[in-house]
Amino acid sequence: MSLLELDGVDAYYENSHVLFDLDMTVEENEIIALLGRNGAGKTTTLRSIVGSTVTRREGEITFRGEDISSRSANQISRKGIKLVPEGRRVFPTLTVHENLQVAAETAVDPRPVEEMYDIFPVLDDLRGNNGQNLSGGEQQMLSVARALVQRPDLLLLDEPTEGLAPVIVDDLLEVLRNVVEEDVTVIITEQNVDFVLELSERAYIIDKGANAWDGTTEELENREELLDEYLSVS
Ligand code: ATP
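- Named according to an unreviewed UniProt entry, the protein chain is ABC transporter ATP-binding protein originating from Halospeciosus flavus.
- Under the heading Sequence similarities (unreviewed entry), UniProt records this for the protein chain: "Belongs to the ABC transporter superfamily."

Right, here's the structure in full:
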């Protein structure tokens, strides 16, 4: 049984039909890259999985074999699927440590907050700093740590490198490599193709809300025409 399966998923915002018959399979402990142009439907795919924001979703979404397609966002979160949305969402007036504590307190079976400092050493030095005083990269680390402290089985990262300087992207890459050794499955959407090619073994490309291609990232690296056609990479 796969960890997550999307079978013929359609999604809508009010009357706007955005995802069309989308299929996706994710095995335990994989890092899956979800790629596509601006507006292709990557964020909407993640929202459909966690049951947030979209007005309606159709088709089957199973997690550990259980149909979650009509479950609420809250129920899905409790099953161990966490979304780190685009743009950093940390509490600006709470310290790093408090941000982690609040996330831990709302989880069913949280990890010790201290463990997060082992995975994200940069946060250890910033424990007492307010969220609003962190750099973009530090906020992104904290966002991922806040999700991870809740011990998710499936972590969904929406464009984590957006707006980050290249050197910070390298730090994030390093951290995410460690995260994967923590027994977490990850789906990561990206415009930064180089970043995901380094991180994941398998990728899905979506275009206009539908499956366009899927395969190994090793194959994708050698398929320039796919990158040109679907990812606007020259
Ligand atoms: P981006 O990289 O720009 O976030 P994306 O691949 O994640 O792109 P989505 O954000 O899923 O794409 O958007 C898919 C389509 O759904 C777009 O046409 C977008 O305008 C529309 N859309 C996204 N969010 C909403 C919303 N809350 N209400 C209505 N339409 C939306």
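Further notes follow.
1. A few points about the layout of surface pockets
For step 1, the next point in the chain: Of the volumes computed, that of the largest pocket is approximately 490 Å³.
For step 2, the next point in the chain: In terms of lining, the largest pocket is formed by 21 residues, of which the most central are Lys82, Leu83, Val84, Pro85 and Arg89.
For step 3, the next point in the chain: The set of elements that each furnish at least two residues to the lining of the largest pocket consists of α1 (42-50), α2 (73-78), β6 (81-84) and α6 (136-148).
For step 4, the next point in the chain: For the lining of the largest pocket, the residue count by class is nine nonpolar, six polar and six charged.
For step 5, the next point in the chain: Computed from the structure, the second largest pocket encloses a volume of approximately 230 Å³.
For step 6, the next point in the chain: Lining the second largest pocket are 14 residues; nearest its centre among them are Ser77, Arg78, Lys82, Val108 and Gln150.
For step 7, the next point in the chain: Broken down by element, the residue count for the lining of the second largest pocket peaks at three residues, all from α2.
For step 8, the next point in the chain: In terms of residue class, the lining of the second largest pocket is built from three nonpolar, five polar and six charged.

2. Thoughts on the site of the ligand
For step 1, the next point in the chain: Surrounding the ligand, one finds 14 residues, the nearest of these being Gly39, Lys42, Thr43, Thr44 and Glu159.
For step 2, the next point in the chain: One nitrogen or oxygen atom from the main chain of Gly41 is found 2.9 Å from an oxygen atom belonging to the ligand.
For step 3, the next point in the chain: Between Thr44 and the ligand, the recorded distance is 2.5 Å, taken from a side-chain N or O atom to an oxygen atom.
For step 4, the next point in the chain: Against a free-state accessible area of 620 Å², the protein chains account for coverage of 62% of the ligand.
For step 5, the next point in the chain: The dominant element in the shell around the ligand, judged by the number of residues it contributes, is α1, at four residues.

3. Considering the packing of aromatic side chains
For step 1, the next point in the chain: Tallied over the entire structure, the rule returns zero aromatic pairs.
For step 2, the next point in the chain: One cation-aromatic arrangement involves Arg56 over Tyr12; the distance from NZ or CZ to the ring centre is 4.0 Å.

4. Focus on a negative patch on the surface
For step 1, the next point in the chain: Taken together, the side chains of Glu5, Asp7, Asp21, Asp23, Glu27, Glu60 and Asp67 present a region of like negative charge at the surface.
For step 2, the next point in the chain: Elements with a contribution of two residues or more to the negative patch: β1 (4-13) and β2 (16-26).
For step 3, the next point in the chain: With respect to the secondary-structure elements, Asp21 resides in strand β2.
For step 4, the next point in the chain: For Asp21, a relative accessible area of 52% translates into the label exposed.

5. Some points on the packing of helix α3 (residues 96-105) against α6
For step 1, the next point in the chain: Taken N-terminus to C-terminus, the directions of α3 and α6 make an angle of 30°; their axes are 8 Å apart at the nearest point. Between α3 and α6, the angle is such that the two are roughly parallel. In the crossing of α3 with α6, the sense of the turn from one axis to the other is right-handed. Residues Val96, Asn99, Leu100 and Ala103 of α3 form the contact with α6, whose own contacting residues are Leu142, Ala145 and Arg146.
For step 2, the next point in the chain: For the contact of α3 with α6, the class distribution of residues is five nonpolar, one polar and one charged.

6. Observations concerning the packing of α6 against helix α7 (residues 166-180)
For step 1, the next point in the chain: For the pair α6 and α7, the least separation of the axes is 10 Å and the interaxial angle reads 15°. With respect to α7, the axis of α6 lies roughly parallel. The element α6 and its partner α7 pack so that their crossing is right-handed. For the pair α6 and α7, the contacting residues are Gly137, Gln140, Met141, Val144 and Leu148 in the first and Ile168, Asp171, Leu172, Val175, Leu176 and Val179 in the second.
For step 2, the next point in the chain: Split into classes, the residues belonging to the contact of α6 with α7 amount to eight nonpolar, two polar and one charged.

7. Some details on the sheet that holds strand β5 (residues 66-67)
For step 1, the next point in the chain: With antiparallel pairing, the four strands of this open sheet are ordered in space as β2-β1-β4-β5. Single-partner strands in this sheet number two, and they are β2 and β5.
For step 2, the next point in the chain: Direction of pairing for β1 relative to β2: antiparallel, over a ladder of seven bridges. Pairing of Glu5 across the sheet is with Thr25, part of β2.
For step 3, the next point in the chain: Across the face of the sheet, α1 comes into contact with β1, β2 and β4 (56-63) while running at roughly 110° to β1.

Reading guide: rules and limits
- Residues numbered from 1 in each chain as written.
- Predicted model: local features only at pLDDT ≥ 70, side-chain atom pairs only at ≥ 80, totals over all residues.
- Heavy atoms only, no water.
- UniProt positions renumbered as here; feature names shortened; annotations may be inferred.
- 1 Å grid on protein atoms, 1.4 Å probe; cavity = no way out; pocket = protein on both sides within 12 Å on 5 of 7 lines; lining within 4 Å.
- Points joined across faces, edges and corners; volume = space filled by probe spheres on them.
- Helix = DSSP H or I, 4+ residues; strand = E, 2+ residues; numbered from the N terminus.
- Nonpolar A, V, L, I, M, F, W, Y, C, P; charged D, E, K, R; others polar.
- Near = heavy atom within 4 Å.
- Polar contact = N/O pair within 3.5 Å; in protein donor to acceptor, adjacent residues only side chain to side chain.
- Areas by Shrake-Rupley, 256 points an atom, 1.4 Å probe, with all protein chains shown as cover.
- Phe/Tyr/Trp six-rings, centres within 6.5 Å; stacked < 30°, edge-to-face > 60°.
- Lys NZ or Arg CZ within 6 Å of the ring centre and 35° of its normal.
- Patch = residues over 30% accessible without salt bridge, like charges linked within 9 Å, V, L, I, M, F, W, Y side chains within 5 Å.
- Salt bridge = Lys/Arg side-chain N within 4 Å of Asp/Glu carboxyl O.
- Lys, Arg positive; Asp, Glu negative; His and termini not counted.
- Charge placed at Lys NZ, Arg CZ, Asp CG, Glu CD.
- Buried < 20%, exposed > 50% of the residue type's maximum accessible area, 1.4 Å probe, protein only.
- Axes fitted to C-alpha atoms, helices over the stretch in contact; angles between N-to-C directions.
- Parallel < 35°, antiparallel > 145°, perpendicular 65-115°, else oblique.
- Left-handed = near helix turned anticlockwise from the far one by under 90°.
- Contact = heavy atoms within 4.5 Å.
- Pairing = 2+ DSSP bridges.

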